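The chain contents come next:
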Amino acid sequence: CRFVEDSMIRNIIGQSRSGFSFREIMDQQKILLIDLSKGKTGEMNAQLLGLIIVSKIQLAAMARADMAEEDRKDFYLYIDEFQNFVTPSIATILSEARKYRLNLIMAHQYMSQVVERGDTEIRDAILGNVGSMFVSRIGPEDTDTFEKVFAPTFNANDLINSDKFTWYVKMTVDNSQVPPFTMNGLASEDSNTVLAQKVRQLSRVTYGRKGSIVEREI
């Protein structure tokens, strides 16, 4: 299939064993960064890899059933461009993974992105299970959804005309909803590219394998 014709993708999914354990990353509070930018991997490859990774993380979280609840450490899964990885697994994570201490942070542009062919299951799971919402400037089509969330503190006009780096926040604190408020974000700081390169190299040495070896095995 097209998915394995790409040499990079074939080398990722064609190995007999993984170079790292999702469960170990979760339990030992390690950091896993995955770059699925479409410009590097292609749209179809990025989406399919993302779906596989989300499912792997879900399975690792559910496997924590063999641990005492007080021993489970929080693991935060950040998904940017969340609409590209929408599956029924997301609805399961939202409704069930909390007790396994898997915390989901999803970022996307507008609500219709998570409605596929009129199926609102994912959207309903988001609105029904998410405890904290950070909403920046939205379009008129989303005001019906979010005006109800932030009323009476903020109205549709507020949500459409917010300033840059400004978020309307509805947050759960100690299992109680606090009144909606605004939050001003900060512009991103310059990154340390030298340090980033060193971290990448250390990660390759620790967890990676040479592509030539993987290709011979496949």
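The model shown is predicted, which means the values in this text are computed figures rather than measured ones. (Residues numbered from 1 in each chain as written. Predicted model: local features only at pLDDT ≥ 70, side-chain atom pairs only at ≥ 80, totals over all residues. Heavy atoms only, no water.)

## Considerations on the environment of E70
Item 1. Among the structural elements, E70 can be located in the loop between α5 (43–62) and β1 (75–79).
Item 2. Among the residues examined, E70 registers a relative accessible area of 67% and is labelled exposed.
Item 3. As for E70 and R101, which are separated by 31 residues in sequence, their C-alpha atoms are 9.9 Å apart. (Helix = DSSP H or I, 4+ residues; strand = E, 2+ residues; numbered from the N terminus. Buried < 20%, exposed > 50% of the residue type's maximum accessible area, 1.4 Å probe, protein only.)

## Observations concerning the sheet that holds strand β7 (residues 181–184)
Item 1. Read from one edge of the open sheet, three strands run β3-β4-β7, paired in antiparallel fashion. Edge positions in the open sheet fall to β3 (133–135) and β7, since each of these has one partner strand only. Within the sheet, the average angular offset between the axes of one strand and its neighbour, ignoring direction, is 35°.
Item 2. One ladder, built from three bridges, connects β3 with strand β4 (residues 166–170); its direction is antiparallel. Opposite M133, over in β4, you have K170 as the bridge partner.
Item 3. Packing against the sheet, helix α8 (residues 143–150) makes contact with β3 and β4, and its axis sits at approximately 125° to β3. (Pairing = 2+ DSSP bridges. Axes fitted to C-alpha atoms, helices over the stretch in contact; angles between N-to-C directions. Contact = heavy atoms within 4.5 Å.)

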